[in-house]
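Take a look at the letters that make up each chain.
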Amino acid sequence: MADPATIALAVKAAIAAASDKRTWKAAGVLIAVVLTPFILIIVMIMSLLSGTAQHNDSAVDLVFNGGSISAQVPAEYRQYIEDMRDSFSALDGAVSEITPQIESGSIDTTRVKSIFYSLYFGAENLRMDKNGYRKFADTFIRYKKRTRTVTDKDGKQMEETYTVAVPISDLNEIYANLESALGRTITNENKVNAAQIYSRVIYGHSLQENENFGEDEWKKGVGTDDVYTGGGYFASPIGANWRSLVTSEFGWRPNPFGGNGGEGHSGLDLGAPKGTPIHAARDGVVSSVVDSGSSGYGYHLVIDHGDGMVTLYGHCSKVYVRSGQTVKQGDVIAAVGSTGRSTGNHLHFEIRVNGKAVNPRNYLP
């Protein structure tokens, strides 16, 4: 063991070193050298996490809308964007070959490209021949044989059989066709990504927005009552007696929380006890399930029906489906609740057509 004099000298040396600014500087440099690699890794990870969505949105915008690619974009990522642009041109060519055979309606090319993007963006060596793109586009139509009466050059009438292309709006059928044609499984993640891409391209944003619009926006047409003429295409999400359950109508209304002024209401509120089953109003694919206290909708889900129409089910207490899941009209998808911006147990039900909120009364049976 060291003698007291040695210990005293060591203590004095330590105190002197601790009070010397040069010592502190040297220690700081040493700590920085040791910790810098770890700090940089953490910063890089946080940057990637915060920037991923922005980078993805930028890539979608560049691929769908064109524009110059920044010189700061990494070469590999630039190649992904250019490959997808080339593929979109080829898909346009495939659709243009099919179009003359269509007698009614049209192929939703944005839907075609959104699904293609979700399946292939970032794929190494994306190379598909002309037949491959045509095969992909063909999954969005049904070919049917029809007959018509024609007159030959001698003036004689005769029956002729011809083939027409009928565009498909049912996403479930489209995805089944794709799995068969491509020999691969279309995952729930693929479907959700495709739905979000489609929403961004068509609407400029996702559908997880506040349900309340300003009075000026409503006056500009946000709440226009388009009359639906599709017959019994939709089913009530909460039972045949839905009319007797309406507690708040679509359109401009007084503030339900009191106070001055009013607010735009983009759906119907249907009052029911907590836990009441909520049914899918139509066949489709669940594009999102959001359990967010920060959303006015609370715990809610959105179903994409494949032809520019989506339905939203808000303030749920429970949701029984997952993003990317296919559902059939009438399936139980959630339960009534009072989550989010709510004054009591009810279902907030929305229908949007090409991004615009419309009055569900004009669509329900």
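Note that this is a predicted model, so its numbers are computed, not measured.

**Remarks on unusual backbone geometry**
Inference 1: Although it is not a glycine, H315 adopts a positive phi angle of roughly 70 degrees.
Inference 2: Tracing the backbone shows H315 in the loop between β10 (309–314) and β11 (318–319).

**Looking at the pattern of salt bridges**
Inference 1: One pass over the structure, following the stated rule, counts 11 salt bridges.
Inference 2: Close ionic contact of D304 with R111 constitutes a salt bridge, the shortest N to O distance being 2.9 Å. Note that D304 is positioned in strand β9 (residues 299–304) and R111 in helix α4 (residues 109–120), a separation of 193 residues in sequence. Just as D304 is buried, R111 falls in that class too.
Inference 3: Across the pair E160 and R148 runs a salt bridge whose closest N-O atoms are separated by 2.8 Å. Taken together, the residues E160 in strand β2 (residues 157–167) and R148 in strand β1 (residues 141–151) connect sequence positions 12 residues apart.
Inference 4: Residue classification places E160 among the partly exposed positions, given a relative accessible area of 30%.

**Comments concerning the nonpolar core**
Inference 1: Counting residues in hydrophobic clusters, the biggest one holds 37 residues, and the most contacted among them are I115, F116, Y117 and F136.
Inference 2: Looking at this core, the elements with two or more residues in it are α2 (21–65), α3 (75–98), α4, α5 (130–138), α6 (171–182) and α7 (188–203).
Inference 3: The element that contributes the greatest number of residues to this core is α3, accounting for 7 residues.
Inference 4: If we skip the residues at most four places from it in the chain, F116 touches M84, S87, F88, L91, F121, L126, M128, Y133 and F136.
Inference 5: Core analysis: the next-biggest nonpolar cluster, separate from the first, contains 33 residues, C316, V319, V353 and V358 among them.

**Some words on the side chain of D83**
Inference 1: Within the secondary structure layout, D83 lies in helix α3.
Inference 2: Overall, D83 belongs to the buried group, its relative accessible area being 9%.
Inference 3: Excluding residues within four positions of it along the chain, D83 makes contact with L126 and R127.

**So, α6**
Inference 1: Helix length check: α6, at 12 residues, gives a terminal C-alpha distance of 16 Å against a target of 16 Å (1.5 Å per residue), a fit within 8%.
Inference 2: Considered for burial, the residues of α6 that qualify are L171, N172, I174, Y175, L178 and A181.
Inference 3: Taking the backbone nitrogen of N172 as reference, a side-chain oxygen 2.9 Å away marks D170 as the first, capping residue of α6.
Inference 4: The first or second residue beyond α6 is G183, which carries a positive phi of 65 degrees.

**Observations regarding the sheet that holds strand β13 (residues 332–335)**
Inference 1: Ordered by their spatial adjacency, 3 strands build an open sheet running β7-β13-β11, and the pairing between neighbours is antiparallel. Unpaired on one side and paired on the other, β7 (277–279) and β11 mark the two borders of the sheet.
Inference 2: As judged from the 3 bridges shared by β7 and β13, these two strands associate in the antiparallel manner. Pairing of P277 across the sheet is with A335, part of β13.

What counts, and where the lines are drawn
- Residues numbered from 1 in each chain as written.
- Predicted model: local features only at pLDDT ≥ 70, side-chain atom pairs only at ≥ 80, totals over all residues.
- Heavy atoms only, no water.
- Helix = DSSP H or I, 4+ residues; strand = E, 2+ residues; numbered from the N terminus.
- Salt bridge = Lys/Arg side-chain N within 4 Å of Asp/Glu carboxyl O.
- Buried < 20%, exposed > 50% of the residue type's maximum accessible area, 1.4 Å probe, protein only.
- Core = buried A, V, L, I, M, F, W, Y, C linked by side-chain atoms within 4.5 Å.
- Contact = heavy atoms within 4.5 Å.
- Expected span 1.5 Å × (residues − 1).
- Polar contact = N/O pair within 3.5 Å; in protein donor to acceptor, adjacent residues only side chain to side chain.
- Pairing = 2+ DSSP bridges.

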